[in-house]
Amino acid sequence: MAKSFSGFDHLQLMARRLVNDFDEAAGAGHPGLIGAARETPARLQLERVLPGNVGIGSGIVVDSFGGLSKQQDIVVFEKHLCPVFSINDTPEAT
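All of these numbers come straight from a predicted model, not from anything done at the bench.

Basis of the calculations
Residues numbered from 1 in each chain as written. Predicted model: local features only at pLDDT ≥ 70, side-chain atom pairs only at ≥ 80, totals over all residues. Heavy atoms only, no water. Helix = DSSP H or I, 4+ residues; strand = E, 2+ residues; numbered from the N terminus. Rg over C-alpha atoms; globule rule 2.2 N^0.38 Å. Buried < 20%, exposed > 50% of the residue type's maximum accessible area, 1.4 Å probe, protein only. Contact = heavy atoms within 4.5 Å. Areas by Shrake-Rupley, 256 points an atom, 1.4 Å probe, with all protein chains shown as cover. Lys, Arg positive; Asp, Glu negative; His and termini not counted. Charge placed at Lys NZ, Arg CZ, Asp CG, Glu CD. Expected span 1.5 Å × (residues − 1). Salt bridge = Lys/Arg side-chain N within 4 Å of Asp/Glu carboxyl O. Pairing = 2+ DSSP bridges.

1. Points about the overall build of the chain
Line of reasoning, step 1. Along its length, the chain carries two helices and two strands.
Line of reasoning, step 2. Reading the chain from its N terminus to its C terminus gives the helix and strand order α-α-β-β.
Line of reasoning, step 3. Taking 12 Å as the expected radius of gyration for a compact globule of 94 residues, we find that the chain reaches 16 Å, considerably beyond that expectation.
Line of reasoning, step 4. Oriented by its inertia axes, the alpha-carbon framework of the chain measures out at about 55 × 35 × 20 Å.
Line of reasoning, step 5. Within the chain, buried positions represent 17% of all 94 residues.
Line of reasoning, step 6. Sequence separation of 24 or more characterises 31% of the internal contacts of the chain that already satisfy a separation of 6 or more.
Line of reasoning, step 7. Just so you have it, the chain exposes about 7200 Å², and 61% of that area is on carbon and sulfur atoms.
Line of reasoning, step 8. Each charge class in the chain was averaged separately, 8 positive and 11 negative side chains, and the resulting centres sit 7 Å apart.

2. Remarks on helix α2 (residues 31-49)
Line of reasoning, step 1. With 19 residues, α2 extends 28 Å between its outermost C-alpha atoms, agreeing within 8% with the 27 Å of an ideal straight helix rising 1.5 Å per residue.
Line of reasoning, step 2. Listing the buried residues of α2 in full gives I34, E39, P41, A42, R43 and Q45.
Line of reasoning, step 3. Those residues of α2 that are buried are in contact with α1 (7-25), β1 (54-59) and β2 (72-78).

3. Points about the side chain of R43
Line of reasoning, step 1. Note on placement: R43 falls in helix α2.
Line of reasoning, step 2. A relative accessible area of 18% means that R43 is categorised as buried.
Line of reasoning, step 3. Residues contacting R43, with those up to four places away along its chain left out, are I56, G57, S58, D73 and I74.

4. Let's talk about the pattern of salt bridges
Line of reasoning, step 1. All chains considered together, the criterion is met by two salt bridges.
Line of reasoning, step 2. D9 is the salt-bridge partner of K3, the closest N and O atoms lying 3.6 Å from each other.
Line of reasoning, step 3. The shortest N-O distance in the salt bridge between R43 and E39 comes to 3.3 Å. Taken together, the positions of R43 and E39, both in helix α2 and four residues apart, correspond to about one turn of that helix.

5. Quick word on the pairing of β1
Line of reasoning, step 1. Counting buried positions along β1 yields six of six residues, so the element is predominantly enclosed.
Line of reasoning, step 2. Burial along β1 is two-sided: the residues V54, I56 and S58 and G55, G57 and G59 are all buried.
Line of reasoning, step 3. Here β1 pairs with β2 via five bridges, running antiparallel. Along β2, the bridge assignment pairs I56 with V76.

6. Re the environment of A15
Line of reasoning, step 1. Within the element layout of this structure, A15 appears in helix α1.
Line of reasoning, step 2. Sequence separation between A15 and R48 is 33 residues, and the spatial gap between their C-alpha atoms is 13 Å.

What follows is the structure, given as structure tokens:
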């Protein structure tokens, strides 16, 4: 008999992959490169498990009063509710 699907086991496997990806990213040698090499697999994993109406990006968050956050490595947002502003389609300037 086939084993039934376990969401918990699936998430644990994803977590192990992320830990391995993070360890591998340490080989990039420079803090900025290491950070970027860690952010990408984290974003990809989130995109795989979240519904299609959820966007994953990076940049600065602007609140309803015009206040700005510091730069965020990963931003999770609802695509149909949140406008996305980007300068020259540059992820770092979004």
